[in-house]
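Below are the chains, spelled out letter by letter.
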Amino acid sequence: MKNKIFFSSVIIFSLAAAAFAPLASAKLPFKPIDTGKSGGKGTTTPQYIEDLEGASASLRRLDQDSRSLYNDQASLISRVNNIENFLGTASSRLAMLSVLRSGLVKLEASLNTLNTSADAAEAVPQARAKVKKIKETLSTTLANVTAARQRLDAIVNITDPVQKKLAAAARAAEGVEAGLYAINDGVIAQMKFPISIAAGCYKKLPADKKDCAGKNIDKTADDVDAAVLEYNRVVRLLLANPEPWLPSMNFFDPFGAELNAIDSLRADIESLTGRVNALARQFKGVAAVLEREFSFSFPYPDPTVTNPLRFSDKEVSLSFKEIIDKANSIEDKIESKLGGFLWGVLNDLGVGKYANKLKNEAENAANSLTDMVDLNIDLKLPNMNALAPLEASLDGLTADVNGLKFPSIDKQLPGYGFPDVGRGISFGSIDASFRFFNPGGLKVDTPNVCDGATYGCN
C-alpha cells in the first residue's frame, strides 16, 4: 500500500514545484502546496516528502542548495524585471515630448484659426475694440508658440530614436527575464522531485545493489551540487554587483523633476488650446451676425372683389451688412426692396420708425454677441524653461542608451550565458541528472517510476 502511495504521488509532482519558498517578485505559475504533517486528524505527509527526509546526506544537501539557488535566482529575476519596467517606463515618459510637440502643433493651428475669426469679427463695429485688444496679445503668443514648436521639433528629432531604443532595450530585458525564469522554474524548481524519487527508488533496490547504487547516487548528487553551488555563486555575485552583465540604470530618471515639469507643461498647453478654441468660437459667433437678417412687416391695402377692405402684411428684411453699410441710408435700402405703391404706404406709416427698429435690433444682436467675448482669457504661452535641463542632457542620454546591452540566457549556451563560470563546471549537468535520478520520468502514465532505475549497478 505504501508503494502505491509513493507511485501515485509522482503524478502530482509537477504541481508541487511551489514547495520552494518563492519570492514575492518571482513569476510563479503555480501556488505553493501544503506539504502536510503527520499525526493530525485529516492531515497527510506526501510520500516524496518522507523520502526526501530519509534521503542520504548528499541528496539532502543537493535539495537544500537547489532551493537556495532557486530563491537567489528569483531575486535576480526580480532585479531584471525592475530593469525591464524602468526601461519601459522611461520609454513611455520620454514619449511625452512627442505629445507635447503635437500639443504645440494643435495650439499653433488654433491660434491661426483664432486670428482668422478675429479678422472676420472685426467687420462688426461693436467688436472692433475687443478684436484690437486680443490681437495685440495674439501676435506675441503666436510668435512664441511657433518658436516653441520649432524647439520641440529639434528635441523630438533626437528623443524619438532614443525612446524607440529604450523600448527595444525593455524587450531585451524581458528576454533575459524569460530565459532566467525558464531555467529557474523549468529546472531548478523541479530538483526536489527527481531527488526524492532517487531516494525512494534506492530503498526498493535489492540489498546486493544498494551499496553500489548508494555510492553512484551520492557521487552524482555531489557532482551536481558542485554545479548548483557554482551557479549560485555566480548569481549571488550578480545580485551584489550586476554591472556590466546587466547595464546600469543610473543614466536616466523617468520620474525626474524635468520630465514631471514637462508633463505639467503638456497639460498647460492643452488648457491654453482649449481657451484659444473657446475664444475663436466667440469671435465666430460675432462674425456670424454679419449674415443675419432683421425684418419688420407693415399692413397695406390689398382689396379683392369679395373683400374690398382686405389688408395684408408686407415683410421687409435687411442683412446686418446692409444695415451698417453707410453708402446709402437704411430708408433708401428699404425703398429699393419695395415698389412705388408699397413704399408710399410705408412712408405714410412712418418709415423712420421701422428703419430705427431694424437698426436697434441689429445693434442689440451685435452687442449681445460681443459681450460674450471674454477679454480676460489668458493667451500667454506657459514658460518653456522646463525643456532646458533635458536639452542639455540629450547628447549624454543618447550615448548611454546606445550603450545598453543585455546578455543572452539559454540552456544551450556555455554556463547558460552567465559570466565568470568556473572552469570545468557544466550547468547542463543539473538538467542531465534528472535522467539519472529518475529514469522513468515524471509522466502521469508511468506505471512504476522505479522501473529501469539501476543507478549503474547491473
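It should be noted that the structure appears before, not after, this text.
Parameters at a glance
Residues numbered from 1 in each chain as written. Predicted model: local features only at pLDDT ≥ 70, side-chain atom pairs only at ≥ 80, totals over all residues. Heavy atoms only, no water. Helix = DSSP H or I, 4+ residues; strand = E, 2+ residues; numbered from the N terminus. Buried < 20%, exposed > 50% of the residue type's maximum accessible area, 1.4 Å probe, protein only. Contact = heavy atoms within 4.5 Å. Areas by Shrake-Rupley, 256 points an atom, 1.4 Å probe, with all protein chains shown as cover. 1 Å grid on protein atoms, 1.4 Å probe; cavity = no way out; pocket = protein on both sides within 12 Å on 5 of 7 lines; lining within 4 Å. Points joined across faces, edges and corners; volume = space filled by probe spheres on them. Nonpolar A, V, L, I, M, F, W, Y, C, P; charged D, E, K, R; others polar. Disulfide = S-S within 2.5 Å.

**Observations regarding the overall build of the protein chain**
Assigned secondary structure in the protein chain consists of 14 helices and 2 strands. Counting only residues that meet the buried cut, the protein chain has 43% of its 458 residues in that class. Considering only contacts within the protein chain whose residues lie at least 6 apart along the sequence, 81% involve residues at least 24 apart. Approximately 22900 Å² of the protein chain is accessible, and the part contributed by carbon and sulfur atoms is 52%.

**Here we look at the layout of surface pockets**
Of the volumes computed, that of the largest pocket is approximately 260 Å³. Of the residues contributing to the lining of the largest pocket, the split by class is 7 nonpolar, 4 polar and 5 charged.

**Here's the deal with the state of the cysteines**
Counted according to the given criterion, the structure contains 2 disulfides. Residue pairing for Cys201: its cysteine sulfur links by disulfide to Cys450, the two sulfurs lying 2.1 Å apart. Measuring the twist about the S-S bond at about -90 degrees, one finds the Cys201-Cys450 disulfide to be left-handed. With Cys201 in helix α6 (residues 192-203) and Cys450 in the segment after α14 (428-437), this pair connects stretches of sequence that are 249 residues apart. Neither Cys201 nor Cys450 differs from the other in exposure class; each is buried. In this model Cys212 forms its disulfide with Cys457; the gap between the sulfur atoms is 1.9 Å. Because the torsion about its S-S bond is -90 degrees, the bridge between Cys212 and Cys457 counts as left-handed. One end of the pair, Cys212, is in helix α7 (residues 207-240); the other, Cys457, is in the segment after α14, and 245 residues separate them in sequence. Judged by relative accessible area, which is 6%, Cys457 ranks as buried. Taken in sequence order, the bonded cysteines of the protein chain link in the pattern 1-3, 2-4.

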